[in-house]
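What follows is each chain in one-letter form.
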Amino acid sequence: MFENVVRPEIRSLKPYVPGRSIDEIREEYGLECVVKMASNENPLGVSPLVKEALGRHADTVFRYPAGGNPRLVKALAEHWQTDASRIVGGNGSDEIIDMLVRMLAVAGRDNVVCFRPCFSLYPIQSLIQGVEIRRQPVNTDFSFDFDKLLALVDENTRLVFVTTPDNPSGYCPKPDEVKALAARLPRDCLLVIDEAYMDFAPAPGESEADWSLFKRGDLPANACVIRTFSKSYGLAGLRIGVGILPEELASYYWRARLPFSVNILAEEAVLAALEDAEFRELTLTTVREGREVLTRGLTELGCTVMPSRANFLMFLPPAQCTAKDLYAGLLARGVIVRALASYDLPAWIRVSIGNTAENRLFLKETAAILNEGGAR
Ligand SMILES: *Cc1c(COP(=O)(O)O)cnc(C)c1O
């Protein structure tokens, strides 16, 4: 009945493909033990301080949250030593991405520029808005050619998205290159720097300021940064992301955002998570060490592993096994990874760094599948 009246932008959408869930796979394959290394979640779960805070605040959930999330904004401004008037919150950074497209780009006139492949929300939310999306393929080694990206920009380009470190490859461009890109964009074109994985970027002895313009206090006037509490802080299920926007855009953002999209418990969880420096350090160490272990293990098994500064690795299985077969084989053995067909990379697999036991299981099952010469 509604087939003919649903907006054409919506009718032509392919559904977003999320990582498969543990329950789904347990049921489908009749498995007792299933591990998920598909959605770049925190391998240590959630901070005990957060759990305690969620319990303590359970009896406040009959209240509406305060408009504009003032406590959250204040805490983050202090934590990041940045101006509170530039900070916005969203129901995941997904909401911030969607909001930025809706705030700036006019359907049928403006365009949005990003790489291919990239995080799927940038093109999808643009298409939903009826906004043209222009995409520059990444280089064959998955690095970025900013000159070519810039060649797609014209006077109707409202947003350029850059993910650093990138998903799904783990590539991290040099901050000075990102800064140079911002300098060459028209003043009224917003560079969105998606730093969902930035906390994982620094090698031992480095700091985030070596990789993040925001962290080195050097964010260009026409750029914004988005960060999420879903990955390193382990709050994916509570849905909370933050943006640091040019001040005038932040003010428009708060006018246009749904009033209560960040809920009371998410806000309390962030306040508690910021207090737990120990859990955070342990997370970063676990990911850094796990990244080494998995890189070494996969390489020994004949896989081609892309160097990654994020909490996941993208790799090509050896010639005797396709990504599709390895993905299916791992699923049947209770290990969920991410097949990258939805990123137009059908030959590749992305695996999130797990905890010690998960990493060991993943390598063991991968070895078993590769040694039996493919699918089972
Ligand atoms: C996971 C991810 C996000 C966001 O997640 P939210 O859970 O919506 O905060 C944003 N950008 C990239 C590139 C991601 O991989």
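None of the values given here were measured: they were computed from a predicted structure.

Engineer: Which parts of the structure should I look at to understand the pattern of salt bridges?
Structural biologist: Side chains that carry opposite charge are capable of pairing whenever their charged atoms lie near each other. Counted by the stated rule, this structure contains 27 salt bridges. Residue Lys148 pairs with Asp145 through a salt bridge whose shortest N-O separation is 3.9 Å. Among the residues examined, Lys148 registers a relative accessible area of 45% and is labelled partly exposed. One continuous salt-bridge network, built from bridges that share partners, spans Arg109, Asp110, Arg158 and Asp188.

Engineer: Sorry, what's going on with the pairing of strand S10 (residues 312–316) here?
Structural biologist: Successive side chains on a regular strand alternate, one facing one side of the sheet and the next facing the other. With four of five residues buried, S10 is to be regarded as a mostly interior element. As judged from the two bridges shared by strand S9 (residues 304–305) and S10, these two strands associate in the antiparallel manner. Counterpart to Thr304 in the pairing with S10 is Leu316. Turn length for the S9-S10 hairpin, with the two strands adjacent in sequence and antiparallel, is six residues. As judged from the four bridges shared by S10 and strand S13 (residues 349–352), these two strands associate in the antiparallel manner. Looking across to S13, one finds that Met314 is bridged to Arg350.

Engineer: When you look at the nonpolar core in this model, what are you seeing that I'm missing?
Structural biologist: General note: in soluble globular proteins, nonpolar side chains tend to be found buried as a group. Counting residues in each nonpolar core, the largest one holds 77 residues, and the members touching the most others are Leu76, Val160, Phe161, Val162, Leu191, Phe229 and Leu235. In terms of residue count, the dominant contributor to this core is helix H10 (residues 264–275) (seven residues). Contacts of Leu235, omitting those with residues within four sequence positions, involve Val46, Val50, Phe229, Ser230, Ile240, Ala269, Val270 and Ala273. Judged by nonpolar contacts, the second largest core, of 34 residues, contains Met37, Phe200, Leu313 and Leu330.

Engineer: I tried to follow the packing of helix H12 (residues 323–332) against helix H13 (residues 356–371) on my own but got confused; where do I start?
Structural biologist: To characterise two packed helices, one gives the angle between the axes of the helices and the distance between these axes. Contact geometry for H12 and H13: axes closest at 10 Å, N-to-C directions at 125°. Taken as axis vectors, H12 and H13 run oblique relative to one another. Read as a crossing pair, H12 and H13 show a hand that is right-handed. Where H12 approaches H13, its residues Leu326, Gly329 and Leu330 are matched on the opposing element by Phe362, Glu365, Thr366 and Ile369.

Calculation criteria
Residues numbered from 1 in each chain as written. Predicted model: local features only at pLDDT ≥ 70, side-chain atom pairs only at ≥ 80, totals over all residues. Heavy atoms only, no water. Salt bridge = Lys/Arg side-chain N within 4 Å of Asp/Glu carboxyl O. Buried < 20%, exposed > 50% of the residue type's maximum accessible area, 1.4 Å probe, protein only. Helix = DSSP H or I, 4+ residues; strand = E, 2+ residues; numbered from the N terminus. Pairing = 2+ DSSP bridges. Core = buried A, V, L, I, M, F, W, Y, C linked by side-chain atoms within 4.5 Å. Contact = heavy atoms within 4.5 Å. Axes fitted to C-alpha atoms, helices over the stretch in contact; angles between N-to-C directions. Parallel < 35°, antiparallel > 145°, perpendicular 65-115°, else oblique. Left-handed = near helix turned anticlockwise from the far one by under 90°.

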